[in-house]
Structure formats: structure tokens, C-alpha cells
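Chain residues, written in single-letter form:
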Amino acid sequence: QVQLVESGGGLVQAGGSLTLSCVFSGGTFRRYAMGWFRQAPGKEREFVAAISGSGGFTDYRDSVKGRFTISRDNAKNTVVLQMNSLKPEDTAVYYCAGGPAYRQYNYWGQGTQVTVSS
């Protein structure tokens, strides 16, 4: 059974940086497309970033382009979301997701809280 475990959330001031990590287990990691989503209080969950199994393709929501970077290390079964120049509107619970193809995710982590203070 695939399991995803996120870490790295926390409280940071606006303009600061955080690095989120997601460790994958229970399958062949390189075969899974991975993504990050977030959900703020009272809002729907939204797509943040995605990366293909090889790492050769990435995609981002417009509001994080140039500030966030998604990457993966297939030897370590880990996907990372580097978040720079954080804004209060980035405050949310961030979830790692994995699945057989781009934006087709059927496995989810438990989430990690990111809070950006102004």
C-alpha cells in the first residue's frame, strides 16, 4: 500500500522560505507522478505544483510560479516543494499526492500546516 508522509511545515514571516518534503513508500516511486495541493480554511483544495515520474516535466499554479519549485529524488523516494518569497495568502494545509499520471492522483498524505504571518 502506497503511503505518503509530509514534513517541513511551520510558521514563517512573509518573504521567508520553507521546504516541504514528502516521503513515498509502498511502491515503485519513479512510476508515480507527484503533486502538491493546498487547502486554506473555508476554501476548496487547490493544485499547487506537479512533477512527472522522471522529473522532466513540472507544472505550477500561476500564483506560485517563480516562487515555488518542485523536485524529486527517485533514489530517496522523496518529492520536495521549495517555497520562497512566501505570502500570507500561501497559508494553508499542504498535501502531497501521487498517482499514475499527471494530475491523476489516488494517494494522499496527511498534510502539513504552513502559516505565513504578515
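One can find the structure itself at the top, above this paragraph.
Residues numbered from 1 in each chain as written. Predicted model: local features only at pLDDT ≥ 70, side-chain atom pairs only at ≥ 80, totals over all residues. Heavy atoms only, no water.

Sorry, what's going on with unusual backbone geometry here?
Negative phi values dominate among residues other than glycine, just as trans dominates among peptide bonds. The phi dihedral of N77 is positive, around 55°, even though this residue is not glycine. Note that N77 resides in the loop between strand 7 (68–73) and strand 8 (78–83). Taking the relative accessible area as the measure of exposure, N77 reaches 24% and is therefore partly exposed. In this structure, S85 is a non-glycine residue whose phi angle is positive, near 50°. For S85, the location among the structural elements is in the loop between strand 8 and strand 9 (92–99). Residue class for S85 comes out partly exposed when judged on its relative accessible area of 41%. (Helix = DSSP H or I, 4+ residues; strand = E, 2+ residues; numbered from the N terminus. Buried < 20%, exposed > 50% of the residue type's maximum accessible area, 1.4 Å probe, protein only.)

Is there a simple way to explain the state of the cysteines in this structure?
Linking two cysteines covalently through their sulfur atoms gives a disulfide. According to the stated counting rule, one finds one disulfide in the structure shown. Between C22 and C96 runs a disulfide, and the two sulfur atoms are separated by 2.1 Å. Disulfide C22-C96: torsion about the S-S bond near -80°, hence left-handed. Placement of the pair is C22 in strand 3 (residues 18–25) and C96 in strand 9, with a sequence separation of 74 residues. (Disulfide = S-S within 2.5 Å.)

Would you mind going over the sheet that holds strand 8 with me for this structure?
The pairing of strands in a sheet comes from backbone hydrogen bonds and takes either a parallel or an antiparallel form. Taking strand neighbours across the sheet as the criterion, the four strands line up as 1-3-8-7 in an open arrangement whose pairing is antiparallel. Each end of this open sheet is capped by a strand with a single partner; those strands are strand 1 (3–7) and strand 7. Across the sheet, the axes of successive neighbouring strands diverge by a mean angle of 15°, strand direction being ignored. (Pairing = 2+ DSSP bridges. Axes fitted to C-alpha atoms, helices over the stretch in contact; angles between N-to-C directions.)

Is there a simple way to think about the nonpolar core in this case?
Note on soluble globular proteins: their nonpolar side chains tend to be buried together. Of all hydrophobic cores here, the largest spans 28 residues; its most connected members are M34, W36, V79, L81, M83 and Y94. Elements supplying a minimum of two residues to this core: strand 3, strand 4 (33–39), strand 5 (46–51), strand 7, strand 8, strand 9 and strand 11 (112–117). Residues A33, F37, A50 and A97 belong to the second largest nonpolar core, which totals six residues. (Core = buried A, V, L, I, M, F, W, Y, C linked by side-chain atoms within 4.5 Å.)

Everything listed is a geometric property; what it means functionally is a separate question.
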